[in-house]
Amino acid sequence: MTDPLDDRELATEAFELVAQAVKPYLDALADAPVHDARTEGLLAELDGALPDTGDGTLPAVERLVRVGTGSATRSSGPRFFHFVVGGATPAAQAGDWLTTLLDQNSGLWRSSPLATHVETVALRWLKDLFGLPESHGGVLTPSATFANLTALACARYWWAERHGADVTADGLAGLPRMPVLSSGYVHASSRKALQVLGLGRDTVETFARDDTGAADLDALERRLAELDAPAVLIANAGEVNAGDFDPIEKMADLAESYRAWLHVDGAFGLFAAASPRTAPLVRGVERADSVIADGHKWLNVPYESGFAFVRDARILGKAFGGWNAPYLPAPDEEKVNYNNLGPESSRRARALPIWATLRAYGRQGHRAMVERHLDLAHRLGDLVDHSADFELLAPVRLCVVCFRYRPAGLSDVDTDLLNQRLGDAIVDDGRVFVGTTRYRGVTALRPAIVNWLTTEADIDLLFDITSELAEKLSLN
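The structure contained in this document is the topic of the report that follows.

### Focus: the packing of helix α12 (residues 412-429) against helix α13 (residues 456-475)
And then number 1: The interhelical angle for the contact between α12 and α13, taken along N-to-C directions, is 125°, at an axis separation of 10 Å. The pairing of α12 with α13 is recorded here as oblique in orientation. Crossing angle aside, the handedness with which α12 passes α13 is right-handed. Where α12 abuts α13, its residues Leu-418, Arg-421, Leu-422, Ala-425, Ile-426 and Asp-429 lie against Ile-465, Thr-466, Leu-469, Ala-470, Leu-473 and Ser-474.
And then number 2: Split by residue class, the contact of α12 with α13 holds eight nonpolar, two polar and two charged.

Here is the structure:
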């Protein structure tokens, strides 16, 4: 029998086992395949029944390190272009290790003044980076989906309050359906948040002027006038298929004219604010009632990391505080209890890697990274545009490049099937990683470039491999 107490002296050696794997693994990110199906056999070594007598700390950690570094998808590397996934900068990685070492519960100031203070500072720096007023309330979340949940819960509280109800205490019973309006760009994470909040995944009314999903502002305004009641508008900063933006400033005008709540889902697109080249895309975001973004995308901090900001800071506490649990302290403006401002109670101190990367690279370092990725996206767009057999499906606006393989002589149906096979072939090949989507009714590739390690060589390799595999499929 191995009681953990018996292994207390081995904690440093266990960390060293992981530390010894860092350099080889990071070096491999530059050369090894993103995914190698041959390594999946290693996973069996982690399976089996729960052992009656454990192996002890060092053998267990050694096995996990060996199997993990041998079989993990290298999604934190420079050639993973699927799902808008970033990596983790050196400072963020170190900050995350420290988070694990210190193991703070960041929900209560009393349990960790350190975690509370670092979260407060990190939120202030993020507001500065995004051009949001310092007076906005904020809270860190595990993801953009959780951030949307947090912000839309605040919108729900605001909306119910206008109907004379306290939804936190009494729920939705007796209230009408909350109107939620958006463009065709509305993301699944916003719908999921509405689903969890009891407002309905499919109740979002979308108003698009064309088959891209771009906002039809006139139709939105007509609907707001017709409702003549409190409503929620969702503006989308960074559509996932082509990186397009809703007109945030004009939607802010509508929200003010019709007394609606404006929520901006900026999971990765909010980082456009970091560069003067793209800041106009998010003009007006400071006027929104709630804004969210995702840290493990373009900020390049480890999973799990999201941010939610609310213009009326008091609503965060109204939507999530007041539990009537006598052992929990009451809200305090000086000693913030972040579990009163979001859906989590016990919380990992996820502010530490955020603080570390913002402190390490500052405003100019993050601007440089964003602008480098903008250049890389345009480089890939140019490669596609100058190729006879590839077709760019949308202008390159940010960090997503939407294109497809279209050799001459194929029908639309056959072209779709060929692109689906191409997407599967790229993933199976494993040297780079990019998936398919449906855009304007056709099957397309949509690599997203947000990893801090990605360079021109990685972009050129992506296009070369895509061309190579496309040609092979065309010959079959």
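### Things to note about the pairing of strand β4 (residues 232-236)
And then number 1: Along β4, five of the five residues are buried, which leaves the element largely enclosed by surrounding structure.
And then number 2: Of the strand pairs in this sheet, β4 and strand β5 (residues 261-265) are connected by five bridges, and their pairing is parallel. Looking across to β5, one finds that Ala-235 is bridged to Val-264.
And then number 3: Tracing the backbone out of β4, into helix α9 (residues 248-257) and back to the parallel element β5 gives a crossover that is right-handed.

### A look at the pairing of strand β7 (residues 306-310)
And then number 1: Of all five residues in β7, five are buried; the element is thus mostly enclosed.
And then number 2: Side chains Gly-306, Ala-308 and Val-310 project from β7 onto one buried face, and the interleaved Phe-307 and Phe-309 project onto a second face that is buried too.
And then number 3: Taken together, the five bridges between strand β1 (residues 137-141) and β7 define a ladder with antiparallel strand orientation. Counted as the bridge partner of Leu-140 is Phe-307 from β7.
And then number 4: Note: strand β6 (residues 290-294) against β7, five bridges, orientation antiparallel. When the bridges of β7 are listed, Val-291 appears paired with Phe-309.

### Notes on the sheet that holds β7
And then number 1: Taken in spatial order, the seven strands make up an open sheet running β1-β7-β6-β5-β4-β2-β3, and their pairing is mixed. Single-partner strands in this sheet number two, and they are β1 and β3 (205-206).
And then number 2: Where strand β2 (residues 180-182) meets β4, three bridges bridge the pair, whose relative direction is parallel. Of the residues in β4, the one forming a bridge with Leu-181 is Leu-233.

### Points about the packing of aromatic side chains
And then number 1: Tallied over the entire structure, the rule returns 12 aromatic pairs.
And then number 2: For the ring pair Phe-130 and Phe-271, a centre distance of 5.0 Å and an interplane angle of 85° mean the geometry is edge-to-face. Residue Phe-130 is found in helix α4 (residues 113-130), and its partner Phe-271 is found in the loop between β5 and β6; the two are separated by 141 residues along the sequence. No difference in accessibility class separates Phe-130 from Phe-271, as the two residues are buried.
And then number 3: Plain terms: the ring middles of Phe-130 and Phe-309 are 6.4 Å apart, the flat faces sit at 70° to each other, and that makes the pair edge-to-face. Of the two residues, Phe-130 is situated in helix α4 and Phe-309 in strand β7; the sequence distance between them amounts to 179 residues.
And then number 4: Judged by relative accessible area, which is 3%, Phe-130 ranks as buried.
And then number 5: Residue classification places Phe-309 among the buried residues on the basis of a relative accessible area of 0%.
And then number 6: One aromatic cluster is present, built from ring pairs that chain together Phe-130, Phe-271, Trp-298, Phe-307 and Phe-309.

### Quick look at the packing of helix α11 (residues 351-385) against α13
And then number 1: Two elements in contact, α11 and α13, have axes whose closest approach is 10 Å; the angle formed by their N-to-C orientations is 30°. Judged by the angle between their axes, α11 and α13 are roughly parallel. You can see that α11 and α13 cross each other, and the crossing is right-handed. Taking contact as the criterion, the partners of Leu-376, Arg-379, Leu-380, Leu-383 and Val-384 in α11 are, on α13, Glu-456, Ile-459, Asp-460, Leu-462 and Phe-463.

### A look at the side chain of Arg-287
And then number 1: For Arg-287, the location among the structural elements is in the loop between β5 and β6.
And then number 2: A polar side-chain atom of Arg-287 sits 2.7 Å from a polar atom in the side chain of Asp-253.
And then number 3: Among all residues touching Arg-287, those that are not within four sequence positions of it are Glu-249, Ala-252, Asp-253, Glu-256 and Arg-311.

### Digging into the pattern of salt bridges
And then number 1: Going through the model one piece at a time under the given rule, you end up with 34 salt bridges.
And then number 2: We note a salt bridge from Glu-344 to Arg-347, for which the minimum N-O separation is 3.9 Å. Per residue, the accessibility class of Glu-344 equals that of Arg-347, and both read buried.
And then number 3: Across the salt bridge formed by Arg-431 and Asp-429, the nearest N and O atoms sit 2.7 Å from each other.

### Side note on the environment of Leu-101
And then number 1: For Leu-101, the location among the structural elements is in helix α3 (residues 90-102).
And then number 2: In the structure, Leu-101 is positioned 277 residues away from His-378 in sequence and 41 Å away in space, judged by C-alpha atoms.

### Digging into α12
And then number 1: Between its first and last C-alpha atoms α12 spans 25 Å; for 18 residues at 1.5 Å apiece the expected length is 26 Å, and the two agree.
And then number 2: Residues of α12 that are buried include every one of Thr-415, Asp-416, Leu-418, Asn-419, Leu-422, Gly-423, Ala-425 and Ile-426, and no others.
And then number 3: Contacts made by the buried residues of α12 are with β9 (403-405), β10 (436-439), β11 (442-445) and α13.
And then number 4: Taken from the residues just after α12, Gly-430 is the one with a positive phi, measuring 85°.

### Here's the deal with α13
An α-helical turn contains 3.6 residues, so a residue and the one three or four places further along point in the same direction.
And then number 1: An ideal rise of 1.5 Å per residue puts 28 Å on 20 residues; α13 measures up with 29 Å between its terminal C-alpha atoms.
And then number 2: Among all positions of α13, only Asp-458, Ile-459, Leu-462, Phe-463, Ile-465, Thr-466, Leu-469, Ala-470 and Leu-473 are buried. Buried residues of α13 fall within an arc of 165° about the axis and therefore sit on the same side. In α13, those exposed residues whose orientation departs by more than 90 degrees from the buried face are Ala-457, Glu-471 and Leu-475.

Conventions used here
- Residues numbered from 1 in each chain as written.
- Predicted model: local features only at pLDDT ≥ 70, side-chain atom pairs only at ≥ 80, totals over all residues.
- Heavy atoms only, no water.
- Axes fitted to C-alpha atoms, helices over the stretch in contact; angles between N-to-C directions.
- Helix = DSSP H or I, 4+ residues; strand = E, 2+ residues; numbered from the N terminus.
- Parallel < 35°, antiparallel > 145°, perpendicular 65-115°, else oblique.
- Left-handed = near helix turned anticlockwise from the far one by under 90°.
- Contact = heavy atoms within 4.5 Å.
- Nonpolar A, V, L, I, M, F, W, Y, C, P; charged D, E, K, R; others polar.
- Buried < 20%, exposed > 50% of the residue type's maximum accessible area, 1.4 Å probe, protein only.
- Pairing = 2+ DSSP bridges.
- Right-handed = clockwise from strand over helix to strand, strands pointing away.
- Phe/Tyr/Trp six-rings, centres within 6.5 Å; stacked < 30°, edge-to-face > 60°.
- Polar contact = N/O pair within 3.5 Å; in protein donor to acceptor, adjacent residues only side chain to side chain.
- Salt bridge = Lys/Arg side-chain N within 4 Å of Asp/Glu carboxyl O.
- Expected span 1.5 Å × (residues − 1).
- Arc of directions from axis to C-beta.

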